[in-house]
Amino acid sequence: MYDTRNLDAIASALIELTGYLNSPRQDDVLLNEAGISLDRALFPLLVRLSSAPSMGVAQLADRVGRDPSTVSRQLAKLEELRLIKRPPTNEDMRVREATITKTGLRAVAAITGARRKLLHQLVEDWSKEERAMFPKLVQKLADAMRAKHEEVREIHTYRGRSKK
């Protein structure tokens, strides 16, 4: 048997944290600190794109948990702002992978600097050991969640194919 109180405490903390992270007010604080004027729905896409050489709509939609049609419209806005570019690929002229521009990289750098400053304020009174252990544990949880997500997706994909 396992300690359900600990699991309940983890779940409760994650629910509270997710509420703060998903708060539009928090996004406004970050963008204001970065000195960036950008629709808060767009900056997660921009930040994700900065971590890959290029990314298609479906892949980006999966990474940010949004539907592809929404992401496609949001990418068009980022392209209008010249923060990304979406040239047609050689293989399929209909496919337009998004790539971040130099202007977009500067915006991401400002957001990253602001995020670091704000996070520092939150953890500055933590011990060195706590600051070292926290990202390892969060990444371990994220890896486990990603693996479970992929496992469930494979099961649904397999079931979908077997019904045809």
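Residues numbered from 1 in each chain as written. Predicted model: local features only at pLDDT ≥ 70, side-chain atom pairs only at ≥ 80, totals over all residues. Heavy atoms only, no water.

Undergrad: Go over the overall build of the protein chain, please, and point to the residues and values.
TA: Tallying secondary structure elements over the protein chain gives seven helices and two strands in all. Listed N to C, the secondary structure of the protein chain is α-α-α-α-α-β-β-α-α in terms of helices and strands. Along the three orthogonal principal directions, the C-alpha set of the protein chain runs to about 55 × 50 × 25 Å. Looking at the protein chain residue by residue over its 164 residues, the buried ones come to 21%. (Helix = DSSP H or I, 4+ residues; strand = E, 2+ residues; numbered from the N terminus. Buried < 20%, exposed > 50% of the residue type's maximum accessible area, 1.4 Å probe, protein only.)

Undergrad: Can you lay out the side chain of Arg86 for me, pointing to particular residues and giving the numbers?
TA: Its location among the elements puts Arg86 in the loop between β1 (84–85) and β2 (99–100). Its relative accessible area of 9% is what places Arg86 among the buried residues. In terms of polar contacts, Arg86 uses its side chain to reach the side chain of Glu79, at 3.2 Å. Ignoring anything within four residues of it in the chain, the contact list for Arg86 reads Ser72, Leu75, Ala76, Glu79, Arg96, Glu97 and Ala98. (Polar contact = N/O pair within 3.5 Å; in protein donor to acceptor, adjacent residues only side chain to side chain. Contact = heavy atoms within 4.5 Å.)

Undergrad: Account for the nonpolar core, with residues named and values stated.
TA: Counting 25 residues, the largest nonpolar core has Leu38, Leu46, Leu49, Leu60, Leu75, Leu78 and Ile84 as its most contacted members. Of all the secondary structure elements, the ones that give two or more residues to this core are α2 (24–34), α3 (43–49), α4 (57–64), α5 (68–80) and α6 (102–123). Looking at this core, the element that brings in the most residues is α6, giving five residues. Apart from the residues within four sequence positions on either side, Leu75 is in contact with Leu49, Val57, Leu60, Ile84, Arg86 and Ala98. (Core = buried A, V, L, I, M, F, W, Y, C linked by side-chain atoms within 4.5 Å.)

Undergrad: So, the packing of α4 against α5: which residues are in play, and what are the values?
TA: When two helices pack together, their arrangement is given by the angle between their axes and by how far apart the axes lie. Where α4 meets α5, the closest approach of the two axes is 9 Å, and the angle between their N-to-C directions is 105 degrees. In terms of orientation, α4 lies roughly perpendicular with respect to α5. Touching Val57, Leu60, Ala61 and Val64 of α4 are Pro68, Val71, Ser72 and Leu75, all from α5. (Axes fitted to C-alpha atoms, helices over the stretch in contact; angles between N-to-C directions. Parallel < 35°, antiparallel > 145°, perpendicular 65-115°, else oblique.)

Undergrad: Just give me the short version of the packing of α2 against α6, but keep the residues and values in it.
TA: At their nearest, the axes of α2 and α6 sit 8 Å apart, and the two run at 115 degrees to each other. As the angle between them shows, α2 and α6 are arranged roughly perpendicular. α6 is crossed by α2, and the crossing has right-handed handedness. Contact with α2, carried on its side by Val29, Leu30, Leu31, Glu33 and Ala34, involves Ala110, Ile111, Ala114, Arg115, Lys117 and Leu118 of α6 and no other residues of that element. Residues belonging to the contact of α2 with α6 are distributed by class as follows: eight nonpolar, no polar and three charged. (Left-handed = near helix turned anticlockwise from the far one by under 90°. Nonpolar A, V, L, I, M, F, W, Y, C, P; charged D, E, K, R; others polar.)

Undergrad: Mind laying out the packing of aromatic side chains, listing which residues take part and the relevant values?
TA: According to the stated counting rule, one finds one aromatic pair in the structure shown. Between Trp126 and Phe134 the ring centres are 5.3 Å apart and the planes differ by 90 degrees, which places this aromatic pair in the edge-to-face class. Residue class for Trp126 comes out partly exposed when judged on its relative accessible area of 29%. Given the relative accessible area of 44%, Phe134 is considered partly exposed. (Phe/Tyr/Trp six-rings, centres within 6.5 Å; stacked < 30°, edge-to-face > 60°.)

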